[in-house]
Amino acid sequence: MRVHLGGDHAAYDLQRALVDHLTRAGHDVVDHGPLAFDALDDYPVFVLRAAVAVAEEPGSFGIVLGGSGNGELIAANKVPGVRAAYASSVELAEMARQHNDAQVISMGGRFTDVETGCAIADAFLATPFSGDERHARRLAMITDFELDGAMPEC
């Protein structure tokens, strides 16, 4: 499975650990950076590259990382066609896939230790979209709005 990663200095250690962990697990990991620690780097540089790569490569997934994961989540969700979700636990990662068919998750390096981060990533990548009609219907509403501004009916 192809997995794109992007982050910043605040999650640098977690990102390095995830690259190693996911590569050892047999995933095709694309590390969009940062590739060296720089306390002044800016997350959009790396996160947007990872999210765009996911959007351009159907079937791939992404993990974006920062201090809290919030700014990274916002940035990833600005990429057309990307559904990114915040995942601070295995359960949230599973629900992001099952209910929201998310292709990207965001984690906060200041709040997620390496062991938990690896478990979150594993759960996210192993969990399929449920395909339930109610979830598909809701995603279609979001996609329609994204494409042409069509407001969902009540």
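Colleague: Is there a simple way to think about the sheet that holds strand S4 (residues 84-86) in this case?
Modeller: Strand-to-strand pairing in sheets goes through backbone hydrogen bonds, with the strands running parallel or antiparallel. Read from one edge to the other, the open sheet built from 5 strands follows the order S2-S1-S3-S5-S4, with strand pairing classed as parallel. Only two strands of the sheet have a single partner each, and these edge strands are strand S2 (28-31) and S4. The average angle at which neighbouring strand axes cross in this sheet is 25°, direction not considered. As defined by bridge partners, strand S1 (residues 2-6) adjoins strand S3 (residues 61-66) across 4 bridges and the pair is classed as parallel. Across the sheet, Val 3 pairs through a bridge with Phe 61, a residue of S3.

Colleague: Looking at this structure, I do not really get the nonpolar core. What am I missing?
Modeller: When a protein is soluble and globular, its nonpolar side chains tend to lie buried together. Ranked by size, the top nonpolar core spans 23 residues in total, and within it Leu 5, Leu 18, Leu 22, Ile 63, Leu 65 and Ile 105 carry the most contacts. Elements with a minimum of two residues in this core: S1, helix H1 (12-24), S3, helix H4 (90-98), strand S5 (104-108) and helix H5 (114-126). Here this core takes 5 residues from H5, the largest share from any one element. Filtering out sequence-adjacent residues up to four positions away, Leu 18 remains in contact with Leu 5, Ile 63, Leu 65, Met 107, Gly 117, Cys 118 and Ala 121.

Colleague: Please clarify how the side chain of Ser 60 should be interpreted in this entry.
Modeller: Tracing the chain through its elements places Ser 60 in the loop between helix H2 (43-56) and S3. The buried category is assigned to Ser 60, whose relative accessible area is 3%. A polar contact of 2.7 Å, which involves the side chain of Ser 60, links it to the backbone oxygen of Glu 57. With residues near it in sequence (within four places) discarded, Ser 60 still touches Arg 2, His 4, Ala 53, Val 54 and Gln 103.

Colleague: Please explain the pattern of salt bridges as it appears in this structure.
Modeller: Any two side chains of opposite charge can pair, given that their charged atoms come close. Under the criterion given, the structure shown has 6 salt bridges. Residue Arg 2 is joined to Asp 28 by a salt bridge in which the shortest nitrogen-to-oxygen separation is 2.6 Å. Of this pair, Arg 2 sits in strand S1 while Asp 28 sits in strand S2, and the two are 26 residues apart along the sequence. With a closest N to O distance of 2.6 Å, Arg 137 and Glu 133 form a salt bridge. Of the two residues, Arg 137 and Glu 133 are both situated in helix H6 (residues 133-148); the distance of 4 residues between them amounts to about one turn of the helix. For Glu 133, a relative accessible area of 52% puts it in the exposed group.

Colleague: I would appreciate a short explanation of unusual backbone geometry in the present structure.
Modeller: Omega for the bond connecting Gly 33 with Pro 34 falls within 30 degrees of zero, at 5°, which places this linkage in the cis form. With respect to the element layout, Pro 34 can be found in the loop between S2 and H2. One non-glycine residue, Asp 101, adopts positive backbone phi at about 50°. Within the element layout of this structure, Asp 101 appears in the loop between H4 and S5. We classify Asp 101 as partly exposed; its relative accessible area is 21%.

Colleague: When you look at H5 in this model, what are you seeing that I'm missing?
Modeller: Residues separated by three or four positions in an α-helix point in the same direction, a consequence of the helix having 3.6 residues per turn. Under the 1.5 Å per step criterion, the end-to-end length of H5 is 18 Å for 13 residues, consistent within 8% with the ideal 18 Å. Structurally, H5 contributes buried residues whose contacts are with S1, H1, S3, H4 and S5. Between the side-chain oxygen of the N-cap and the backbone nitrogen of Glu 115 there are 3.1 Å, and the N-cap of H5 in question is Asp 113.

The rules behind these values
Counting restarts for each chain, with residues numbered from 1 along the sequence as it is written. Note on the predicted model: pLDDT of at least 70 is required for a residue's local features to be given, and 80 or more for side-chain atom pairs to be given and counted; whole-chain, interface and lining totals, by contrast, use all residues. Side-chain measures were taken over the full set of non-hydrogen atoms in the model, leaving aside hydrogen atoms and water. For two strands to pair, DSSP has to find at least two bridges joining them. Here a strand is any run of E in DSSP of at least two residues, a helix any run of H or I of at least four, and the numbering for each starts at the N terminus. In this description, a line fitted to the C-alpha atoms serves as the axis of each element, helices being fitted only across the stretch in contact, and the angle between N-to-C directions of two axes falls anywhere from 0 to 180 degrees. By nonpolar core we mean a set of buried residues, namely Ala, Val, Leu, Ile, Met, Phe, Trp, Tyr and Cys, connected to one another through side-chain atoms within 4.5 Å. Relative accessibility thresholds used throughout: buried, under 20% of the residue-type maximum; exposed, over 50%; partly exposed, between the two (1.4 Å probe, protein chains only). Note on definitions: a residue-residue contact is assigned when non-hydrogen atoms from the two residues lie within 4.5 Å. The term polar contact refers here to a pair of N or O atoms within 3.5 Å; inside protein, the definition further demands a hydrogen-donor-capable atom paired with an acceptor-capable atom, and it admits residues adjacent in sequence only when both atoms are side-chain atoms. The term salt bridge refers to a side-chain nitrogen of Lys or Arg lying within 4 Å of a carboxyl oxygen of Asp or Glu. The length a helix should cover is 1.5 Å for every residue beyond the first.

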